[in-house]
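Each chain, written out:
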Amino acid sequence: MRSSVTRGRAPRAGEVRVRRAVARDAKRLTRLVTSSRAYEGPYAPMVAGYRIGPAYIEAHAVHVAVDDERVLGFYALVLSPPELDLMFVADDAQGRGIGRLLIAHLRDEARRAGLAAVRVVAHPPAEGFYLGVGAERTGTVRARPPAVMWDRPELRLTVGGAH
């Protein structure tokens, strides 16, 4: 599948595009988080009861990858201090370039905001993905029970270069 962001033209049927999230996306984004296979087993408590509400979408730079209005993934960028707060790709959409498309879009948004880099505190199984898109490991964020029960990799995603 070829993923692209449409600019200045209407998307073609089946084409993946990234758009700003709106309040009506909240339930779909919540479902994406709470149903993610990446959070099964010992990671399940982290997303149990998790909710993304319209207020969160309004307050942050939340963008969704959509295919004919089906949400395939999303990210939330916090501008100050610059950090990737959330990023999820639907289980059945993984391996199709959606994550890379979202990272490219995030870089464009961060560049427009004048940022040089974005901090990423990754879910441990996702570290390889972030390294693959050019992030550099900067350290480890220690567990904070009961909220987070495991250490997480801390990375820096530079904005300037394309990867």
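Going by the structure above, here's the rest.
Residues numbered from 1 in each chain as written. Predicted model: local features only at pLDDT ≥ 70, side-chain atom pairs only at ≥ 80, totals over all residues. Heavy atoms only, no water.

Student: Could you give an account of the overall build of the chain, with specific residues and numbers?
Tutor: Each helix and strand in the chain was counted, giving five helices and seven strands. In the chain, the succession of helices and strands from N to C terminus is β-α-α-α-β-β-β-α-β-α-β-β. Relative to the globule expectation of 15 Å for 163 residues, the C-alpha radius of gyration of the chain, 15 Å, shows essentially globular dimensions. On the principal axes, the C-alpha backbone points of the chain span a range of 45 × 35 × 30 Å. Here the chain contributes 25 positively and 17 negatively charged side chains, and the mean placements of these two sets differ by 2 Å. (Helix = DSSP H or I, 4+ residues; strand = E, 2+ residues; numbered from the N terminus. Rg over C-alpha atoms; globule rule 2.2 N^0.38 Å. Lys, Arg positive; Asp, Glu negative; His and termini not counted. Charge placed at Lys NZ, Arg CZ, Asp CG, Glu CD.)

Student: Summarise the nonpolar core; cite the residues concerned and give the values.
Tutor: Counting residues in hydrophobic clusters, the biggest one holds 49 residues, and the most contacted among them are Leu29, Phe74 and Tyr130. Beyond its immediate stretch of four places on either side in the chain, Phe74 contacts Leu29, Leu32, Val33, Ile52, Val62, His63, Val64, Leu86, Met87, Phe88 and Leu102. (Core = buried A, V, L, I, M, F, W, Y, C linked by side-chain atoms within 4.5 Å. Buried < 20%, exposed > 50% of the residue type's maximum accessible area, 1.4 Å probe, protein only. Contact = heavy atoms within 4.5 Å.)

Student: Hey, could you go over the sheet that holds strand S4 (residues 82-89) for me, with residue numbers and the actual values?
Tutor: If you walk across this open sheet you meet the seven strands as S1-S2-S3-S4-S5-S7-S6, and the pairing is mixed. Strands at the two margins of the open sheet, each flanked by one partner only, are strand S1 (16-20) and strand S6 (136-141). Adjacent strand axes in the sheet meet at a mean angle of 25 degrees when their direction is disregarded. Taken together, the five bridges between S1 and strand S2 (residues 61-67) define a ladder with antiparallel strand orientation. Residue pairing in the sheet places Arg17 in a bridge with Val66 of S2. Helix-sheet contacts for helix H1 (residues 26-34) involve S1, S2, strand S3 (70-79) and S4, and the interaxial angle to S3 is about 90 degrees. Packing against the sheet, helix H4 (residues 98-112) makes contact with S1, S2, S3, S4, strand S5 (117-121) and strand S7 (152-158), and its axis sits at approximately 35 degrees to S3. (Pairing = 2+ DSSP bridges. Axes fitted to C-alpha atoms, helices over the stretch in contact; angles between N-to-C directions.)

Student: A description of the side chain of Glu154 should follow, citing residues and the corresponding values.
Tutor: By the secondary structure assignment, Glu154 is in strand S7. With a relative accessible area of 19%, Glu154 lands in the buried category. In terms of polar contacts, Glu154 uses its side chain to reach the side chain of Arg119, at 2.5 Å. Once you skip the residues sitting within four places of it in the chain, Glu154 turns out to touch Arg119, Val120, Glu136, Arg137, Thr138, Gly139, Thr140 and Val141. (Polar contact = N/O pair within 3.5 Å; in protein donor to acceptor, adjacent residues only side chain to side chain.)

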